[in-house]
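Results of the structural survey
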2 protein chains.
Amino acid sequence: MKRRSLLAGSAAGLAGGLALPALFPLVLASSAFAQGDALPSWNDGPSKRSILDFIARTTTGGGRDWVPVPERIACFDNDGTLWTEQPMYFQVVFALDRIKAMAGRHPEWRTQEPFRSVLADDHTALAALGEKGMLDVIAASHSGLSTEQFRAIVLDWIATARHPRFKRPYTDLVYQPMLELLALLRAYQFKTFIVSGGGLEFMRPWTERVYGIPPEQVVGSSGVTKFVMKPDGVPVLMKEAKVEFIDDGPGKPVGINHFIGRRPVFAFGNSDGDQQMLEWTAAGAGARVMGLVQHTHAVREYAYDPESPVGRLDKAWDEAVRRKWAVVDMKNDWKVIYPFELK
Amino acid sequence: MKRRSLLAGSAAGLAGGLALPALFPLVLASSAFAQGDALPSWNDGPSKRSILDFIARTTTGGGRDWVPVPERIACFDNDGTLWTEQPMYFQVVFALDRIKAMAGRHPEWRTQEPFRSVLADDHTALAALGEKGMLDVIAASHSGLSTEQFRAIVLDWIATARHPRFKRPYTDLVYQPMLELLALLRAYQFKTFIVSGGGLEFMRPWTERVYGIPPEQVVGSSGVTKFVMKPDGVPVLMKEAKVEFIDDGPGKPVGINHFIGRRPVFAFGNSDGDQQMLEWTAAGAGARVMGLVQHTHAVREYAYDPESPVGRLDKAWDEAVRRKWAVVDMKNDWKVIYPFELK
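Each chain carries its own residue numbering, running from 1 in the direction its sequence is written. For naming, the first written chain is A and the first written ligand is 1, with later ones following in the order written. Since the coordinates come from a predicted model, pLDDT governs what is reported: local features require at least 70, and pairs of side-chain atoms require 80 or more to be given and counted, while whole-chain, interface and lining totals use all residues.

1. Section: the overall build of chain A
Every helix listed is a DSSP run of H or I at least four residues long, and every strand listed is a run of E at least two residues long, numbered separately from the N terminus. Summing up its helical and strand segments, chain A has 12 helices and 7 strands in all. Once C-beta atoms are placed from the backbone, each residue is buried if 20 or more other C-beta atoms lie within 10 Å of its own, exposed if 12 or fewer, and partly exposed for counts between those two. Buried positions account for 47% of the 343 residues belonging to chain A. Taking all contacts inside chain A whose residues are at least 6 apart in sequence as the whole, residues at least 24 apart take part in 65%. Distance between backbone-placed C-beta atoms decides contact: two residues are in contact if it is within 7 Å.

Spelled out as structure tokens, the structure:
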């Protein structure tokens, strides 16, 4: 099956901005969406129908559920919702790779935890060090650099690192059905945002190319950054080894309010870390979609245990069932997982 | 002199989004900008010419200075750059009004500083309490509320409060030449941002209506906000009495990096608090504009002393002169100050 990525379509360029009532129907009529299946990688089913129904109702002028263009805010978790998050968050892989790359300048790390475990690839010992150990790894690997140096390192890693199972760049492991959904929402003048526990400066260098989501529409965790005027009169922003904000769980609605300042009408996640974002979205008035991706495809992606340490889906699952949120079963609702399956 | 506000023009609606190369020339050709003076409230002079020249050079396809649409980021300080800031920051007036409105529930404030001075309109005593006193006033007046309650209070104040000298709503005191500049930049697909020392949640309720700048393009100072699930199952975000981030001075480039994640190519301020934002903008490669508004019109606005406690322009002025940044002399460069002068 060969299909053009919708992200490359001209209609994707209409995100943001205010209404252009006279122009817009023309653009839509000439777009791919008006001519066929707007979500070709999605099987017909309740999830696909509820999404298409929502878009139709909220964007039809004069309808009861119509949403003004500036209020068309759609938020997506990243890890496990837009791209794969197994066997561990890709930003953690990046941090471990960074520690190894930096080890030559830190001989003391050979005996100092959590670095010893990282350098020895001792994942059992590392897991035993818990969240504190992981935050130390991330802090050490993400600080002492200017924002521009860090960006270059991220872009280099994204270009060269390979996923251990799929042997492909991590950015190949984005979900084709979600790329189609992002493009469809933008064609109907929704502004698409990432709202991720991942770091702002780990995601922003590549989200525009990969998802069509520009850096200013990426909400995420952050470390403290400091303005420094160098002796040569050139200012830099230096990344410090101090956590500033964790955009996860109850932090997600806080992050949405902080960065966007509006309540979304559409939100998708895949784990308990997305529960409060979905609750915050649900609590607004009018039509809205709250959705969860359920990882059920052991062959083509991963099938998670509900208690999976990465992507645990327990409390949010109960609430989704109780409140009839959209649950996307990857195996049954999606025809393909990754864009490379189309080639 | 009667002139339609450019903010109402259809071309203003094109902000954001990616390039639409085929459509865009048509839109521009039909806009007001192509047919006459794009900045009608600006006198001809070096500032106006440098702005128009920059826009022409950066948006002409194939030119050496062309800037891709996603990189067209323009940042504006608010107080003293987009609207008046005398005799004191309007958010401070709002905070003082709030303290008075809340005083009935706080009998202890009659003897407790800084509240005693606020309630007695004792501005001398208040000034003597310094920045700490003012932060206490802002913290007390901006916390203990949900974000939605606070938004309603801001909108009510904006609708009813009157400036002591002009006897008009504070939002009438925006600068007509800057409204024209914002609209012109947006017509050429620049994304316009506010980058202000003011509070996010004080500005966002009205910036879209007044400036055409949506909440997600407002960068500002913030207090800590907390997600709370109420007993009735409805979540709220509560504003706490704790400063989170001050978007001023060296905080401005930090805020730009945090919220936008790109370096601006165009930035305007009016005081020393904008110096680092202008330095950060200047340090990028390629064509760019750094500008300062100088308050010189004692009759129609205010003429500041360089050491003015509000809007001090001392170090940034020296740097502007040395580095040949655009300096807009309000009296000589602008034909009108406020939109109501056109009616």
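Further notes follow.
2. Details of the sheet that holds strand β6 (residues 289-294) of chain B
Residues and elements named next belong to chain B. When DSSP finds two or more bridges between two strands, those strands count as paired. Strand order in the open sheet formed by 7 strands is β4-β3-β2-β1-β5-β6-β7, and the pairing between neighbours is mixed. Every interior strand has two partners, whereas the edge strands, β4 (235-245) and β7 (326-329), have only one. Neighbouring strand axes in the sheet, compared pairwise and without regard to direction, differ in orientation by 30° on average. Where strand β3 (residues 218-229) and β4 come together, 7 bridges link them in antiparallel fashion. Note that in β4 the partner of methionine 229 across the bridge is proline 235. Note on geometry: axes are lines fitted to C-alpha atoms, helical ones only across the stretch in contact, with angles between N-to-C directions running from 0 to 180 degrees.

3. Quick look at helix α2 (residues 46-59) of chain A
Residues and elements named next belong to chain A. With 14 residues, α2 extends 20 Å from end C-alpha to end C-alpha; this agrees with the ideal 20 Å at 1.5 Å per step. Where α2 is concerned, the buried positions are Ser47, Lys48, Ile51, Ile55, Thr58 and Thr59. Buried residues in α2, looked at end-on, bunch into an arc of 120°, giving them a common side. Along α2, the residues that are exposed and aim more than 90 degrees away from the buried face are Pro46, Arg49 and Ala56. Expected span of a helix: the number of residues minus one, times 1.5 Å. The directions considered for the arc run from the helix axis to the C-beta atoms.

4. Some details on the packing of helix α9 (residues 251-259) of chain A against helix α10 (residues 275-282) of chain A
Residue and element names in this part refer to chain A. Orientation of α9 relative to α10, taken along the N-to-C sense of each, is 55°, at an axis distance of 6 Å. One finds that α9 runs oblique with respect to α10. Contact with α9, carried on its side by Lys252, Pro253 and Ile256, involves Gln276, Met277 and Trp280 of α10 and no other residues of that element. Amino acids outside the nonpolar list (Ala, Val, Leu, Ile, Met, Phe, Trp, Tyr, Cys, Pro) and the charged list (Asp, Glu, Lys, Arg) are all regarded as polar, and Gly is one of them. For the contact of α9 with α10, the residue count by class is 4 nonpolar, 1 polar and 1 charged. In what follows, roughly perpendicular refers to angles from 65 to 115 degrees, roughly parallel to angles under 35, roughly antiparallel to angles over 145, and oblique to any angle outside these ranges.

5. What about unusual backbone geometry?
In this structure, proline 114 of chain A follows glutamate 113 of chain A across a cis peptide bond, with omega equal to 0°. By the element assignment, proline 114 of chain A lies in the loop between α3 (90-102) and α4 (115-119). Positive phi, close to 60°, is recorded for lysine 324 of chain A, a residue that is not glycine. You can call lysine 324 of chain A exposed: it has 10 C-beta atoms within 10 Å. One non-glycine residue, lysine 167 of chain B, lies in positive phi territory at about 55°. Structurally, lysine 167 of chain B can be placed in the loop between α7 (147-160) and α8 (176-187).

6. Things to note about the sheet that holds strand β6 (residues 289-294) of chain A
Residue and element names in this part refer to chain A. Across the sheet, 7 strands lie side by side as β4-β3-β2-β1-β5-β6-β7; this open sheet has mixed pairing. Both outer strands of the open sheet, β4 (235-245) and β7 (326-329), are each paired with one neighbouring strand and no more. Here the strands of the sheet are splayed against their neighbours by 30° on average, with no regard to which way each runs. By the bridge criterion, 4 bridges tie β6 to β7 in an arrangement that is parallel. Along β7, the bridge assignment pairs leucine 292 with valine 327.

7. Digging into the environment of tryptophan 325 of chain A
Residue and element names in this part refer to chain A. Inspection of the secondary structure puts tryptophan 325 in the loop between α11 (315-323) and β7. Each C-alpha atom, one on tryptophan 325 and one on valine 289, is 7.3 Å from the other, the two residues being 36 residues apart in sequence. With near-sequence residues (within four places) excluded, tryptophan 325 lies in contact with Leu278, Met290, Gly291, Leu292 and Ala320.

8. Some details on the domain arrangement of chain A
All names here are of chain A. Note: domain ranges come from an automatic or database domain assignment. As far as domains go, chain A holds domain 1 (6-87 + 170-342) and domain 2 (90-160). Placing the centre of domain 1 and that of domain 2 at their C-alpha centroids yields a distance of 28 Å. Contributions of two or more residues to the side of domain 1 that touches domain 2 are made by β2 (191-199), α8 (200-211), β3 (218-229) and β4. Residue contributions to the side of domain 1 that touches domain 2 peak at 7 residues, all from β4. Residue composition of the side of domain 1 that touches domain 2, grouped by class: 9 nonpolar, 5 polar and 3 charged.

9. Section: the environment of arginine 151 of chain A
All names here are of chain A. Looking at where arginine 151 falls in the secondary structure, it is placed in helix α6 (residues 147-160). Distance from arginine 151 to alanine 303, taken between C-alpha atoms, is 33 Å for residues 152 residues apart in sequence. Not counting residues up to four positions away in its chain, the partners in contact with arginine 151 are Glu201 and Pro205.

10. Let's talk about helix α7 (residues 176-187) of chain A
The periodicity of an α-helix, 3.6 residues per turn, causes residues three or four places apart in sequence to face the same way. Residues and elements named next belong to chain A. Taking 1.5 Å of rise per residue, 12 residues should cover 16 Å, and α7 covers 17 Å from first to last C-alpha, within 8% of that figure. Every buried residue of α7 is accounted for by Gln176, Pro177, Met178, Leu179, Glu180, Leu181, Leu182, Ala183, Leu184, Leu185, Arg186 and Ala187. Immediately beyond the C-terminal end of α7, within one or two residues, lies glutamine 189, with a positive phi of roughly 65°.

11. Some points on the nonpolar core
Any nonpolar core is a set of buried residues, restricted to Ala, Val, Leu, Ile, Met, Phe, Trp, Tyr and Cys, that join up through C-beta atoms within 7 Å. Judged by nonpolar contacts, the single largest core of 152 residues is most densely connected at Cys75 and Leu184 of chain A together with Cys75 and Leu184 of chain B. If near-sequence neighbours (up to four positions away) are discounted, cysteine 75 of chain A is found in contact with Phe193, Val195, Ile256, Pro264, Ala267 and Met277 of chain A.

12. Observations concerning the packing of α7 of chain B against helix α9 (residues 200-211) of chain B
A packed helix pair is summarised by two numbers, namely the angle formed by the two axes and the spacing between the axes. All names here are of chain B. The N-to-C vectors of α7 and α9 enclose an angle of 65°; their axes lie 9 Å apart at closest approach. Taken as a pair, α7 and α9 cross one another with a handedness that is right-handed. Together, Thr147, Phe150, Arg151, Val154, Leu155 and Ile158 of α7 and Glu201, Phe202, Pro205 and Trp206 of α9 make up the contact between the two elements. Taken together, the residues of the contact of α7 with α9 sort by class into 7 nonpolar, 1 polar and 2 charged. In this scheme the crossing of two helices becomes right-handed for a clockwise turn of the near helix relative to the far one and left-handed for an anticlockwise turn of less than a right angle.

13. Topic: the confidence of the model for chain A
All names here are of chain A. Each residue carries a pLDDT value, the predictor's own confidence for that position, ranging from 0 to 100. Per-residue pLDDT for chain A has a mean of 90; in total, 90% of the residues score no lower than 70. The low-confidence segment residues 1-34 (pLDDT under 50) makes 66 contacts with residues lying over four places distant or belonging to another chain. If you check the scores for this complex, the pTM reads 0.90 and the ipTM reads 0.89.

14. So, the pairing of β7 of chain A
Side chains Ala326 and Val328 of chain A of β7 of chain A all project onto a buried face; the interleaved residues Val327 and Asp329 of chain A project onto a face where none is buried. Viewed with both strands pointing away, a crossover whose connecting path from the first strand over the helix to the second turns clockwise is right-handed. Crossover connection from β6 of chain A via α11 of chain A to parallel β7 of chain A: handedness right-handed.

15. What about the environment of isoleucine 99 of chain A?
Residue and element names in this part refer to chain A. Mapping isoleucine 99 onto the fold places it in helix α3. The sequence separation of isoleucine 99 and serine 143 amounts to 44 residues, and the corresponding C-alpha distance is 11 Å. Non-local contacts of isoleucine 99, meaning those with residues more than four positions away in its chain, are made with Phe115, Val118, Leu119, Val137, Ala140 and Ser141.

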